[in-house]
Amino acid sequence: MIFLTSAPSFELATIDYIVVVVYIVFILGLGFYVGRKEKSSGSFFLGGRASTWPLVGFGLMAANLSGASYLGLAGAGYYDGISVWNYEWMGSLLLILFTFFILPFYLKSGVETIPEYLERRYDPKTRYLFSGFTIFTALFIDSAGALFAGTVTLGLLFPAAPTWVLIAGLTFLGGIYVILGGLRAVMITDTIQGVLLLIAGGIIFYFCFQELGSWQAVVDAAPVDGFKLFKPADDEFLPWPGVFSGVFWIGIYYWATNHVVVQKVLSAKNLNHGRGGVLFAAFMKLPFLFLLILPRLMGRAIYPDLDDADQIWPILAFDFMPTGIRGLVFAALAAALMSSLDSVLNGASSLVVNDFLKRKKIVEDEGKLLIYGKVTVGVFMVVAALWAPVIFMFDGIVEYFQSFIGHITMPVVVVYLGGLFWKRATKEAAFYTLIIGAPIGLAVFFIGEIFEVIDIQFLYSTGLMLLLSLSLFITISFFTPKTEGGKLQANIIHPSDWKEQLRKMEGLPWYKDFRFWAAAILALTLAMVIWLR
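Now for a description of the structure that goes with this document.

Rules behind the numbers
Residues numbered from 1 in each chain as written. Predicted model: local features only at pLDDT ≥ 70, side-chain atom pairs only at ≥ 80, totals over all residues. Heavy atoms only, no water. Helix = DSSP H or I, 4+ residues; strand = E, 2+ residues; numbered from the N terminus. Buried < 20%, exposed > 50% of the residue type's maximum accessible area, 1.4 Å probe, protein only. Contact = heavy atoms within 4.5 Å. Areas by Shrake-Rupley, 256 points an atom, 1.4 Å probe, with all protein chains shown as cover. Salt bridge = Lys/Arg side-chain N within 4 Å of Asp/Glu carboxyl O. Core = buried A, V, L, I, M, F, W, Y, C linked by side-chain atoms within 4.5 Å. Phe/Tyr/Trp six-rings, centres within 6.5 Å; stacked < 30°, edge-to-face > 60°. Expected span 1.5 Å × (residues − 1). Arc of directions from axis to C-beta. Axes fitted to C-alpha atoms, helices over the stretch in contact; angles between N-to-C directions. Parallel < 35°, antiparallel > 145°, perpendicular 65-115°, else oblique. Left-handed = near helix turned anticlockwise from the far one by under 90°. Patch = residues over 30% accessible without salt bridge, like charges linked within 9 Å, V, L, I, M, F, W, Y side chains within 5 Å. Lys, Arg positive; Asp, Glu negative; His and termini not counted. Charge placed at Lys NZ, Arg CZ, Asp CG, Glu CD. Bend = angle between axes of the 7 residues up to and from the residue. Nonpolar A, V, L, I, M, F, W, Y, C, P; charged D, E, K, R; others polar.

## Quick look at the overall build of the protein
In terms of regular secondary structure, the protein is built from 23 helices and zero strands. Buried positions account for 60% of the 533 residues belonging to the protein. Contacts spanning at least 24 positions in sequence make up 86% of the contacts within the protein whose residues lie at least 6 apart. For the protein, the computed accessible surface area is about 20,500 Å², with 68% contributed by carbon and sulfur atoms.

Here it is as structure tokens:
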């Protein structure tokens, strides 16, 4: 067994470059072909609500398994071991809960955007406030993170190119793609790219394991306590109490209230396809341990002195992938970076069109709404490109994503869950919890993470932000008038809704009963957690 002390040279063969170019042209062409039929904003943003469960599942996976995640989970695995998998198994658990309790309500309501629910439950100004908030997070978290990951990857292939050139190129390609194709194109190509990236992860895992020679060697490659899922309470990256004070609540925001992600579910052709897609995504998150995290952990033994852990995935791909296949894998990664970017741009643009232009009747013609949506994508492209270099201040992509999300999204979680499950929640409580809590969270993020004035692990500060938001929400609700009965009854989740779901399951064979698949995924998740604890 040979252990390398330096990274290989990043030189693609001519055939690899040809594969990369052909693949990207194919993806762009597919986007144009699919998007040529889009004549309205509804079909552009929700794909005509015709997505089947495989497209929904891969769409959700691709939204989560972006290039940023592919590099970020890799870097975290290199530095900290398997604890970063807490985000993945918790995501599977939350997707199961989402399938049972929230998904049926969303699809039954027929909402086009997630903020639209807030207007139905509370009032229009809460909808506009949250819609603006979602656009902000989409630009400064999701799209900027995708650009950062793309820059890291392309910087290895083109080391002489300035960072701004790489960012501009990725922004242009990702923006053109969403302008051409809309959500339908995104869903189709996400499936293609998701399959390629998972296959690539499996190949790299196989060759890395062959290089190390045994499972014990994999365990030995981990840093101190690196093969434990739950790390000590004073761990700097992911302490075990933070799984419950931060990871769980960040996951609720991401999977249940983030419009960019839930938009994929809203495009499902019916409830059964929505459920199937969500559960499929829940299942696919579990192998991320083997396809994303463990290969990078094994990379510690193969490249023990790597300066930038976020580079470990492309390094392993260069070292272990044969010529030609290497080009295809990097093409898929580049396309995934574009796809994660265009998903964000499409989702943010849909909020501008549906929650502002259409809702306020500023523009009513569907053709003009489609044009305005595409123009908005172009504007957002520029904003994301200008912000992307800020992420270089952080030690890793995962830290940036989760820290930013954890600090500013807890008011959203409280307002949404409170609206769905608590009758006493009022419109004043929703509005003021958002308008007070989010700026406080943003200030804490800058004070603690950017300027480092206070020293507290971000998963703990996420829990504190949750308590602050909950206190605001409950206090204001009790001091403001109750919501009127008719509006309230139509926009909260009732026990009778669950009974109705059970009634519709009667007589179905086991393989069509979503409860069977949910139970199987839950059992597998818990078994893996117990094994790794």
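## Focus on the pattern of salt bridges
Under the counting rule described, the total for this entry stands at six salt bridges. One salt bridge connects Glu-116 with Arg-120, and the closest N-O pair in it is separated by 3.0 Å. In this pair, Glu-116 and Arg-120 both sit in helix 6 (residues 114–121), four residues apart, roughly one turn of the helix. Across the pair Asp-225 and Lys-228 runs a salt bridge whose closest N-O atoms are separated by 3.5 Å. Given the relative accessible area of 30%, Asp-225 is considered partly exposed. Looking at Lys-228, the relative accessible area reads 42%, which means it is partly exposed.

## Describing the nonpolar core
By size, the foremost hydrophobic cluster in this structure holds 143 residues, and its most contacted members are Trp-85, Phe-98 and Tyr-106. At 13 residues, helix 5 (residues 86–109) tops the list of elements feeding residues into this core.

## A word on the packing of aromatic side chains
For the structure shown, the criterion picks out 24 aromatic pairs. Residues Trp-215 and Phe-227 carry aromatic rings whose centres are separated by 5.7 Å and whose planes lie at 85° to one another, so their mutual orientation is edge-to-face. With Trp-215 in helix 9 (residues 215–221) and Phe-227 in the loop between helix 9 and helix 10 (240–257), this residue pair connects regions lying twelve residues apart in the sequence. Judged by its relative accessible area of 31%, Trp-215 is partly exposed. Between Trp-510 and Trp-517, the ring centres sit 6.0 Å apart and the planes meet at 40°, which makes this aromatic pair tilted. Residue Trp-510 is classed as exposed on the basis of its relative accessible area of 52%. On the basis of relative accessible area, Trp-517 is assigned to the partly exposed category, the value being 39%. The structure contains a cluster of three or more aromatic residues connected by ring pairs, namely Phe-205, Phe-209, Trp-215, Phe-227, Phe-290 and Trp-531.

## Overview of helix 23 (residues 514–532)
Between the first and last C-alpha of helix 23 there are 27 Å, a value that for 19 residues agrees with the 27 Å anticipated at 1.5 Å per step. Buried residues of helix 23: Phe-514, Ala-518, Ile-521, Thr-525, Met-528, Val-529 and Leu-532, and no others. What you see down the axis of helix 23 is that its buried residues fit within an arc of 100°, all on one side. The inward-facing, buried residues of helix 23 contact helix 5, helix 12 (271–285), helix 13 (288–302) and helix 22 (495–505).

## Thoughts on the packing of helix 3 (residues 53–64) against helix 12
Interaxial distance between helix 3 and helix 12 falls to 7 Å at its minimum, and their mutual angle equals 45°. In terms of orientation, helix 3 and helix 12 fall into the oblique class. As for how helix 3 packs across helix 12, the hand of that crossing is right-handed. Across from Trp-53, Pro-54, Val-56, Gly-57, Phe-58, Leu-60, Met-61 and Asn-64 in helix 3, the residues of helix 12 making contact are His-273, Gly-274, Gly-276, Gly-277, Val-278, Phe-280, Ala-281, Met-284 and Lys-285.

## With respect to a negative patch on the surface
A cluster of acidic residues, Asp-234, Glu-236, Glu-452 and Asp-455, forms a negative patch at the surface. By the element assignment, Glu-452 lies in the loop between helix 19 (427–450) and helix 20 (458–478). By relative accessible area, which is 64% here, Glu-452 ends up exposed.

## Details of helix 10
With 18 residues, helix 10 should cover 26 Å at 1.5 Å per step; its first-to-last C-alpha distance of 25 Å lies within 8% of that length. Where helix 10 bends most, at Gly-246, the angle is about 30°. The element helix 10 is largely enclosed, with a buried count of 13 among its 18 residues.

## Examining the side chain of Asp-16
Mapped onto the fold, Asp-16 is located in helix 1 (residues 14–35). Look at Asp-16: it is buried, it has no salt bridge, and the nearest opposite charge is Arg-326 at 4.7 Å.

## A word on a nonpolar patch on the surface
Where nonpolar side chains cluster on the molecular surface, the patch consists of Ile-447, Phe-451, Val-453, Ile-454, Ile-456, Leu-464 and Leu-467 and spans about 660 Å² of accessible area. By secondary structure assignment, the location of Val-453 is in the loop between helix 19 and helix 20. Taking relative accessible area as the criterion, Val-453 reaches 61% and is therefore assigned exposed.

## Here we look at the environment of Leu-55
Within the element layout of this structure, Leu-55 appears in helix 3. In this structure, the C-alpha to C-alpha distance between Leu-55 and Ala-268, residues 213 residues apart in sequence, is 8.6 Å. Aside from chain neighbours lying at most four places away, what touches Leu-55 is Met-187, Ile-188 and Thr-191.

## Brief notes about the environment of Leu-94
The topology assignment puts Leu-94 in helix 5. On a C-alpha basis, the gap between Leu-94 and Ile-252 in space is 6.7 Å, while along the polypeptide they are 158 residues apart. Once you skip the residues sitting within four places of it in the chain, Leu-94 turns out to touch Phe-248, Gly-251 and Ile-252.

## Brief notes about the environment of Pro-304
Checked against the element boundaries, Pro-304 lands in the loop between helix 13 and helix 14 (312–320). Considered as a pair, Pro-304 and Ala-221 are 83 residues apart in the sequence and their alpha carbons are 9.3 Å apart.

## Looking at the packing of helix 10 against helix 20
Direction vectors running N to C along helix 10 and helix 20 enclose 65°, while the axes themselves pass 8 Å from each other. Relative to helix 20, helix 10 is oriented so that their crossing is left-handed. Facing Pro-241, Gly-242, Ser-245, Gly-246, Val-247, Trp-249 and Ile-250 of helix 10, the residues of helix 20 in contact are Leu-459, Tyr-460, Thr-462, Gly-463 and Leu-466. Considering only residue class, the contact of helix 10 with helix 20 consists of seven nonpolar, five polar and no charged.

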